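One letter stands for each residue in the lines below.
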Amino acid sequence: MLGGIKRKVMAEKISDEKFKAEMMKFIEVANQKFDGLTSDIRSNSFKLDRLESKLDHIDTDVKDLTSNVKTFSKQFDDVGSLAIKDSGRITKLEERVDELETGIH
């Protein structure tokens, strides 16, 4: 009878040790996966930081371009006004030239 109890205790010890070994393997694999995920999260966080920085630069560039377009638009309007004024002056000068030429002939 003692032999049967001894075998049962041995069987429990073996299965406990096997269970512990399997659990340790499981924990090790889970830990490796967790480390991998942590690394991925850090990498993605770094990428997001870089993208945010690029977006900030692009935003600044767009604001600068918008400002430049407004400036050029105003300058174009000014040049257009001057061209209209000059066109009027040219028309008046042509009329005067025509009057003078008519007086000469």
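The following paragraphs examine the structure supplied in this document. Source: prediction; values computed, not measured. (Residues numbered from 1 in each chain as written. Predicted model: local features only at pLDDT ≥ 70, side-chain atom pairs only at ≥ 80, totals over all residues. Heavy atoms only, no water.)

Focus on the overall build of the protein chain
Then, in step 1: Helices and strands together make up the secondary structure of the protein chain, namely one helix and zero strands.
Then, in step 2: When the 105 residues of the protein chain are sorted by exposure, 0% land in the buried category. (Helix = DSSP H or I, 4+ residues; strand = E, 2+ residues; numbered from the N terminus. Buried < 20%, exposed > 50% of the residue type's maximum accessible area, 1.4 Å probe, protein only.)

Describing the pattern of salt bridges
Then, in step 1: Counted by the stated rule, this structure contains three salt bridges.
Then, in step 2: For Lys63, the salt bridge identified is with Asp59, shortest N-O distance 3.4 Å. Linking Lys63 with Asp59, this pair stays in helix α1 (residues 2-104), spanning four residues, or about one helical turn.
Then, in step 3: Exposure remark for Lys63: the relative accessible area of 54% places this residue in the exposed category.
Then, in step 4: A relative accessible area of 38% places Asp59 in the partly exposed class.
Then, in step 5: For the salt bridge of Asp86 with Arg89, the shortest nitrogen-to-oxygen distance reads 3.6 Å. (Salt bridge = Lys/Arg side-chain N within 4 Å of Asp/Glu carboxyl O.)

Focus on a nonpolar patch on the surface
Then, in step 1: On the surface, Phe19, Met23, Met24, Phe26 and Ile27 cluster together into a nonpolar patch covering about 540 Å² of accessible area.
Then, in step 2: Locating Met23 in the fold gives a position in helix α1. (Patch = residues over 30% accessible without salt bridge, like charges linked within 9 Å, V, L, I, M, F, W, Y side chains within 5 Å. Areas by Shrake-Rupley, 256 points an atom, 1.4 Å probe, with all protein chains shown as cover.)

Overview of a negative patch on the surface
Then, in step 1: Judged by side-chain charge, Glu94, Glu95, Asp98, Glu99 and Glu101 come together as a negatively charged surface patch.
Then, in step 2: Secondary-structure assignment places Glu101 in helix α1.
Then, in step 3: Classification of Glu101 as partly exposed rests on a relative accessible area of 41%. (Lys, Arg positive; Asp, Glu negative; His and termini not counted. Charge placed at Lys NZ, Arg CZ, Asp CG, Glu CD.)

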